Protein chains: 2
Amino acid sequence: MPASFADRFAAARAKYGPLVLGADPHAAVLAAWGLTDDAGGLERFTDIVLAAAAGTVGLIKPQSAFYERHGWRGIRALTRLAAEARSAGLLVILDVKRGDVGSTNDAYAAAYLGEDAAIRADAVTVHPYLGLDAMGEFTRRADEAGGCVLVVVRSSNPEGRAVQAAGDGVTVEQRLLAGIGAVNARLAPGRLGPAGAVIGPTPTGPPLDLAAAGGLLLAPGVGAQGATPAGVAATFAACPDRVMPSASRSLLAAGPGALGDAAARLNAEFLALL
Amino acid sequence: MPASFADRFAAARAKYGPLVLGADPHAAVLAAWGLTDDAGGLERFTDIVLAAAAGTVGLIKPQSAFYERHGWRGIRALTRLAAEARSAGLLVILDVKRGDVGSTNDAYAAAYLGEDAAIRADAVTVHPYLGLDAMGEFTRRADEAGGCVLVVVRSSNPEGRAVQAAGDGVTVEQRLLAGIGAVNARLAPGRLGPAGAVIGPTPTGPPLDLAAAGGLLLAPGVGAQGATPAGVAATFAACPDRVMPSASRSLLAAGPGALGDAAARLNAEFLALL
């Protein structure tokens, strides 16, 4: 049995801090870095990000959309990024937000989680629109491989409220946190389980019982979307050591030469506050 | 300005019928067809499906998960499938169920819709968990390119009810249909617009005002998930000529040699009923 993702995160956090470096080769970032907006540019981007991340942060989070934009060659670059990052000891959170009916989820889970995965990640993001209960293969594989499934519960954008805040007394997001908690109580009684939640770092709705999820919490879009480290600490005050704050654009803006230093500084800031 | 997706669907429907052939290389299908469960097997699978589909059906729908399972080589096979299907005059619905914050959606839309897309489809499926209002670039690109964005509103699996039926008086799925209708009224006043909905073919909740969406309706999983053509006709009685019923496993089970005939028979059955 491999170490759980929660234990591996705790070790990475103790060594470097909780920061997740978002590896998002947005067209604007490639241009600012003097790289071509094609698969070759992506390969160079991943080399630079890997060199900056290794030994500086414990986790890296590529956003699949920016690789898919370059077709199969982009996915090939993403595959290499994930493999080399894992070899360098980084935990890889693949931000794909997949989610479908059960038989299709089985194929998605096999694509990204477990030893035989085509593009192996340590954790993946999923969306729950077709039901948390259809995700058994995601959580089974994550549990078996020391991985994690991060369910988008409350997103960092205001447009998400239309679905996430719906409900009659109990909202969709509250119900999901309880559902994640139930999955974890079954798979990992008495410890943090393989299911986690994605929670926007800035309060966009009423407080949530975040501890009830019984798992880790990914807080994406720190910096570019307005959240500060102090704001993250306030939002997640109930369980600060479970938070994985992620920053991408705000760090990548430092440029290829200064990315590592910018990440180290932000990581230290988070470690002091969380 | 290219012809709209709705007009292209109407032409395909008049010629062949409304059936969408689901090109889902599930491991069990590859095994039953005597193909290897790897990227090479996928390439053979796509050749067989393309030969059966061209001249038999008007639309084809690959489910991305079954290609992603084979990594970048699987995506390369999917890319070829989409390109060759479009060259053969088929409308390609890429079932990817993407959805994220706005800036990420922009990258997903660029990946799959429009002339410069890396993997060009005529239509894509999206999920609305992070908000329909974050999907402006999807609908803009679809509108410009004669494409379509199919928003999962009511899925064909029972697990989806937890989110889709939430609400205080007005449910998430009802609100989404109205939202899709508003997008179409703005982009295509007085005609069927570039936004559509994915609606499970079997009633899993109270009746919906399907005509209010002002767009096409994809009904996935006919056959394997229990829905019959007569059931589809009943579910979509309010707007039968807007329905795109999709069948995958139930047709692929006919085997490589009989797939075309099975699809033609089912298409004729749908055309008579819808």
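Everything in this summary refers to the structure shown in the same document. Computed from a predicted structure; not experimentally measured.

**Considerations on the packing of helix H3 (residues 39-53) of chain B against helix H5 (residues 71-87) of chain B**
Residues and elements named next belong to chain B.
At step 1: In the contact formed by H3 and H5, the axes pass within 9 Å of each other and the chain directions differ by 15°. By the angle class used here, H3 and H5 are roughly parallel. Our pair here, H3 against H5, has a crossing hand that is right-handed. Judged by residue contacts, Ala-39, Leu-42, Glu-43, Thr-46, Leu-50 and Ala-53 of H3 engage Arg-73, Gly-74, Ala-77, Arg-80, Leu-81, Glu-84 and Ala-85 from H5.
At step 2: Among the residues making up the contact of H3 with H5, the classes are represented as seven nonpolar, two polar and four charged.

**Notes on the interface of chain A and chain B**
A common way to state how big an interface is: give the accessible area lost once the parts meet.
At step 1: Taken together, the contact pairs 45 residues of chain A with 45 residues of chain B.
At step 2: Of the residues assigned to the side of chain A that touches chain B, the class counts are 21 nonpolar, 15 polar and nine charged.

**Some words on the nonpolar core**
At step 1: Tyr112(A), Val151(A), Leu217(A), Tyr112(B), Val151(B) and Leu217(B) are the most contacted members of the largest nonpolar core, which has 194 residues in total.
At step 2: Those residues in contact with Tyr112(A), other than ones at most four positions away along the chain, are Leu94(A), Val96(A), Ala117(A), Ile119(A), Ala121(A) and Val124(A).

**Description of the packing of helix H6 (residues 102-112) of chain A against helix H7 (residues 136-145) of chain A**
Residues and elements named next belong to chain A.
At step 1: At their nearest, the axes of H6 and H7 sit 8 Å apart, and the two run at 25° to each other. As summarised for this structure, H6 and H7 are arranged roughly parallel, according to the angle between their axes. Contacts between H6 and H7 involve Asn-105, Asp-106 and Ala-109 on the former and, on the latter, Glu-137, Phe-138 and Arg-141.
At step 2: Split into classes, the residues belonging to the contact of H6 with H7 amount to two nonpolar, one polar and three charged.

**Some words on the pairing of strand S8 (residues 195-199) of chain A**
Residues and elements named next belong to chain A.
At step 1: Where burial is concerned, most of S8 is hidden: five out of the five residues are buried.
At step 2: With two bridges connecting them, S8 and strand S9 (residues 217-219) associate as parallel partners. What sits directly across from Ala-197, in S9, is Leu-217.

Analysis parameters
Residues numbered from 1 in each chain as written. Chains lettered and ligands numbered in written order. Predicted model: local features only at pLDDT ≥ 70, side-chain atom pairs only at ≥ 80, totals over all residues. Axes fitted to C-alpha atoms, helices over the stretch in contact; angles between N-to-C directions. Helix = DSSP H or I, 4+ residues; strand = E, 2+ residues; numbered from the N terminus. Parallel < 35°, antiparallel > 145°, perpendicular 65-115°, else oblique. Left-handed = near helix turned anticlockwise from the far one by under 90°. Contact = placed C-beta atoms within 7 Å. Nonpolar A, V, L, I, M, F, W, Y, C, P; charged D, E, K, R; others polar. Core = buried A, V, L, I, M, F, W, Y, C linked by C-beta atoms within 7 Å. Buried ≥ 20, exposed ≤ 12 C-beta atoms within 10 Å, placed from the backbone. Pairing = 2+ DSSP bridges.

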